[in-house]
Amino acid sequence: MERKHVRKVGALRYVVLLPILLLVAATTAGAQTPGKAKVDRLVMGLITPYLDYVRPWINGTADHNIQHDPMHEWLIEVDPSGQYKPWLADSWTQGPNARSWRVKLHRGVQFHHGYGEFTAQDVVHTHALWCEPNYPGRKDPPVAGYRAGICQVQKIEVVNPHEITMHCKVVCLDMPFYYSSASNVMIFSKKQWDAEGEMGYEKRPAGTGPYIFKERQLGRYVLYERAPTPHWKHGVVDWKEIKMSWTLEEPTRFAQLITGETHLTEVNKDLTDELVAKGYKLIRSRDTAQQMQINFGGLYFGTEDKATGRYTEYGGTTGKLDPKLPWTNVKVRQAMNKAINRKELLRALYKNRASPMYVHGFYPGLEGWDPSWEKRFPEMYGYDPAAAKRLLAEAGYPNGFKAKAWLYPFAGAPEMIGVMEAVAGQLREVGIDISLEEADWVAAVRPKLQKREAHGYLWAVPPSKKAVEPQLAVFNVGKGIGHIFQTDEIYKMWEDLLQITDLKARDAQLRKIGNYKFENFETIPLFDVYIEVVVDPKIVADWPFSGWDGGDIGHTWLIKACKDPKPCK
């Protein structure tokens, strides 16, 4: 009897003490306290830094923006739904003839490190860093894909410290894009430039964002810390620190997440599904983020005109076209398109989580979209190996030909190497022998593209979603390094576009350009894709980002901590 009594008392004590012990454990382990992030430092397991410095006007593109996203701000936000919203600019109003904009700036925004209030002078200074050829104190000339569009704004007139007028040299209806978080013009402090010079931006950049730059190890990581005072717009953000780490090898990124070394990452769809099966959480961009496509190196049909500046960038086009290159023949480009089994690529590599792409730079819902492309695509581009071989024979290549393709990883696109390998395999089936070369995007591929020396190479790229005119400027009329498909016809249509103020006429002109590109098989278009990230749900609750901001995965300050004891599903 006594022994049974002891058992009952012991059991009763256990029943009573267990909830108390659990409560004590939950209270003493600060990581489990509801309402608080479970870690102080969020570690992002990303693919590549793209560029390992701060100054965006030096060979910069939007792919570089992710590093600026926590600490800098733009005039205009591309919000998680993909809409333009006020940011450092409270409003922007189009002026007469669509050649100017009146912009009202937000008051009371403070730069980091005591550099004072954001004013119109900081906008004037930032614009000059991009657009003035000999800006005092800037060592390197500005070179970047969006520069032509940014510098459509010829002069900024200061109305008062919190109001400016942007005067444009052409019709500049896309100003909201070029000065938004989808582009490169994050605002820098004029006072810091005056006090510390250009390299002050590298050592201790003063932005206005909710995080402050702390340190960098080249090729490894960038570390940010929460600003000491609540942010003017977002208050106190969830993380004391954010660390962006860079790892090219996909298995390593996978392992880093599994072991808790990182809290979110990008991996291919197979590994993504494996992680989701293990309890990790998939978060997709709120909007279409990229277009996956294969480009034909060497389609430099445009002719230089130094009087107007047509195709004179980066050494011009004189002597750049090699007419002996097989795919300068439009029948070869069509044949290569008809050799691609897109349904198989969509199933195997994207698990059917993507949409058909028809024309580079054009998206449903944006200007210039032509719904007839979907109906015409199967006949013109659809998978038909027999037709591909017939077209090759008609073009003079009955036995096919040999060519090369670059292989390299790219931020936001973990499937890209697999896509290039699969496309090369499908082309071999119709007699086109593609040899694959591993390359470094920044050190090897970009310089070749910039100098128009990509003859004989296929190259994959996932251009981020953006307004349509910037796509044309960067990839079709020589204003960026891409040089995908350049002809005098496109250049003239683009020049005419920049004089059109009527929105219906502008839409019609863009559709005309889109049809020209579609009918000339400028690329091998594959898919419109979302960006997918996988997060540890014990640490991260959600991340609302549009997909075409901050280098495709922006709004890092909206990465929400999981503050519940259980994982956030």
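Everything discussed here concerns the structure shown above.
Residues numbered from 1 in each chain as written. Predicted model: local features only at pLDDT ≥ 70, side-chain atom pairs only at ≥ 80, totals over all residues. Heavy atoms only, no water.

Side note on the nonpolar core
Turning to step 1, where the next piece is worked out: The biggest cluster of nonpolar side chains holds 159 residues, and the ones touching the most others in it are Leu75, Met166, Trp239, Trp327, Met336, Leu458 and Leu526.
Turning to step 2, where the next piece is worked out: Setting aside chain neighbours within four positions, we find Leu75 in contact with Pro86, Trp87, Leu88, Ala89, Leu105, Phe118, Val123, Met166, Tyr179 and Ile187.
Turning to step 3, where the next piece is worked out: Ranked by size, the runner-up nonpolar core spans seven residues in total, among them Phe254, Leu257, Leu271 and Tyr280. (Core = buried A, V, L, I, M, F, W, Y, C linked by side-chain atoms within 4.5 Å. Buried < 20%, exposed > 50% of the residue type's maximum accessible area, 1.4 Å probe, protein only. Contact = heavy atoms within 4.5 Å.)

Notes on the state of the cysteines
Turning to step 1, where the next piece is worked out: Taken as a whole and assessed by the stated rule, the structure comprises three disulfides.
Turning to step 2, where the next piece is worked out: Each disulfide pairs two cysteine sulfurs, and for Cys131 the partner residue is Cys151, the sulfurs being separated by 2.0 Å. Between Cys131 and Cys151 the sulfur-sulfur dihedral comes to about -95°; the bridge is accordingly left-handed. Of this pair, Cys131 sits in helix 2 (residues 120–131) while Cys151 sits in the loop between helix 3 (147–150) and strand 8 (153–160), and the two are 20 residues apart along the sequence.
Turning to step 3, where the next piece is worked out: On the basis of relative accessibility, which here comes to 16%, the residue Cys131 falls in the buried class. (Disulfide = S-S within 2.5 Å. Helix = DSSP H or I, 4+ residues; strand = E, 2+ residues; numbered from the N terminus.)

Section: the side chain of Lys243
Turning to step 1, where the next piece is worked out: Counting through the fold element by element, Lys243 comes out in strand 12 (residues 241–246).
Turning to step 2, where the next piece is worked out: Lys243 has contacts with Arg41, Leu42, Val43, Met44, Tyr221, Val222 and Leu223, leaving out every residue within four places of it along the chain.

Some points on the pattern of salt bridges
Turning to step 1, where the next piece is worked out: Applying the stated rule across the entire model yields 33 salt bridges.
Turning to step 2, where the next piece is worked out: Residue Glu198 pairs with Arg55 through a salt bridge whose shortest N-O separation is 2.8 Å. Separated by 143 residues along the polypeptide, Glu198 in the loop between helix 5 (190–196) and helix 6 (200–203) and Arg55 in the loop between strand 1 (41–46) and strand 2 (58–60) bring together distant segments of the chain. Judged on exposure class, the residue Glu198 and its partner Arg55 are both buried.
Turning to step 3, where the next piece is worked out: Sharing partners across several salt bridges, the network here consists of Lys269, Asp273, Arg284, Arg353, Glu415 and Glu532. (Salt bridge = Lys/Arg side-chain N within 4 Å of Asp/Glu carboxyl O.)

Notes on the sheet that holds strand 5 (residues 89–94)
Turning to step 1, where the next piece is worked out: Pairing within the open sheet is antiparallel, and its four strands lie in the order 5-6-9-8. Looking along the sheet, the strands with just one partner apiece sit at the ends: strand 5 and strand 8. On average, each strand axis in the sheet is tilted by 20° relative to the strand beside it, whichever way the strands run.
Turning to step 2, where the next piece is worked out: The pairing of strand 5 with strand 6 (residues 100–105) spans five bridges and is classified as antiparallel. Considered in strand 6, the bridge of Ser91 is made with Lys104. (Pairing = 2+ DSSP bridges. Axes fitted to C-alpha atoms, helices over the stretch in contact; angles between N-to-C directions.)

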